[in-house]
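# Coordinate analysis (summary)
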Amino acid sequence: ATVNLRAVTSWVGIARLLAVVLSCVAFSLVASTGDFGGPYGTWCMFTWCFCFVVTLLVLLLELLELYPALPLSWDDFTSAFSMLAALMVFTTSVVFPSTFINSPCSGSKCARQAVATTVSCLCFLAYALEVGLTRAKPGDISSFLSTVPGLLKVFEAYVACLIFSLLDKYSSKAGLQWCVAVYSICFIITLLIIIFTIGRCLSYIPCPLEKMLVGYNALALAMYITATILWPLYSFKDTKRPDSCGRHCSWNKHLGVTFLTIFNLIAYLVDLVYSTRMVFI
């Protein structure tokens, strides 16, 4: 193995080093408080640890120039991971303080939690910087997942995962079952596109990939339009928000799914526009 110092001295390498340090500081501070129990705390700790380990591994593989031996598209993998890490850390930076920091904030424990939140926000900025630095420029088609449609694929899959985490009490209504089917079908196909791209398997698809993606984006957009209409219609029809509606209230979860559905609808619309421009213009 040879040593490639540009892996840590380039702007992308510096952004990754910052992400490694900041994610390590974040989970160390939270671990020192001993207060990270429950599903939300577990998710936050997993996010920081996962991003720390994978980013450190990416740095080592690029520093020692070992990544060409891996049976995958390295540029697609790093682009997809940086986008995923940015989304995960952003979610954690919102979930952690809203769950664990009480008002008024006082004492050393609360101070460490506040610093961890600030560090997590800076970590998100580091990953966002990496996404911006590695995004494909106009005319550059070296890696699909570094283009705007490719990054949107990661966003769409992640938002679908957030939707799944909020699903509650939908089996009694056919309209809600259709919405869950929409989320599931689009998530599976989008995830397969990401996996096949990273695994260099797209060449085995017996049809023009670009036109297939345009067709899929149009179909996913149409399906999400129906979900955007049906989910709030069946979720909130003749249903008022309970007076005591806490964090685990079904009404709040349904509201969260509604907004996330709209986010993915917009993402698929932008994806369709960019994909159409790439193929036909």
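Residues numbered from 1 in each chain as written. Predicted model: local features only at pLDDT ≥ 70, side-chain atom pairs only at ≥ 80, totals over all residues. Heavy atoms only, no water.

The name given to the chain in an unreviewed UniProt entry is MYADM protein, and the organism recorded there is Todus mexicanus. The UniProt entry for the chain carries this comment under Subcellular location (unreviewed entry): "Membrane". As recorded by UniProt, the Sequence similarities (unreviewed entry) comment attached to the chain reads in full: "Belongs to the MAL family." (UniProt positions renumbered as here; feature names shortened; annotations may be inferred.)

### A look at the overall build of the chain
Across its full length, the chain carries nine helices and zero strands. Starting at the N terminus and walking to the C terminus, you meet the elements of the chain as α-α-α-α-α-α-α-α-α. A principal-axis box enclosing the C-alpha atoms of the chain has dimensions of 65 × 60 × 25 Å. Out of the 281 residues belonging to the chain, those deemed buried represent 44%. (Helix = DSSP H or I, 4+ residues; strand = E, 2+ residues; numbered from the N terminus. Buried < 20%, exposed > 50% of the residue type's maximum accessible area, 1.4 Å probe, protein only.)

### Considerations on the UniProt feature "transmembrane region" (unreviewed entry) in the chain
Feature annotation in UniProt assigns "transmembrane region" (unreviewed entry) to the following positions: residues 12-31, 43-61, 81-101, 113-129, 141-166, 178-198, 213-234 and 255-274. In residues 43-61, helix accounts for 100% and strand for 0%; the two terminal C-alpha atoms are 27 Å from one another. Annotated as residues 178-198, this span is 100% helix and 0% strand, and its ends, taken at the C-alpha atoms, are 30 Å apart.

### Some points on unusual backbone geometry
Trans is the common state for peptide bonds, and a negative phi is the common state for residues other than glycine. Notably, Glu65 is not glycine yet its phi reads approximately 55 degrees, a positive angle. On the secondary structure map, Glu65 appears in the loop between helix H3 (38-63) and helix H4 (74-100). Phi at Arg200 is positive, roughly 60 degrees, even though this residue is not glycine.

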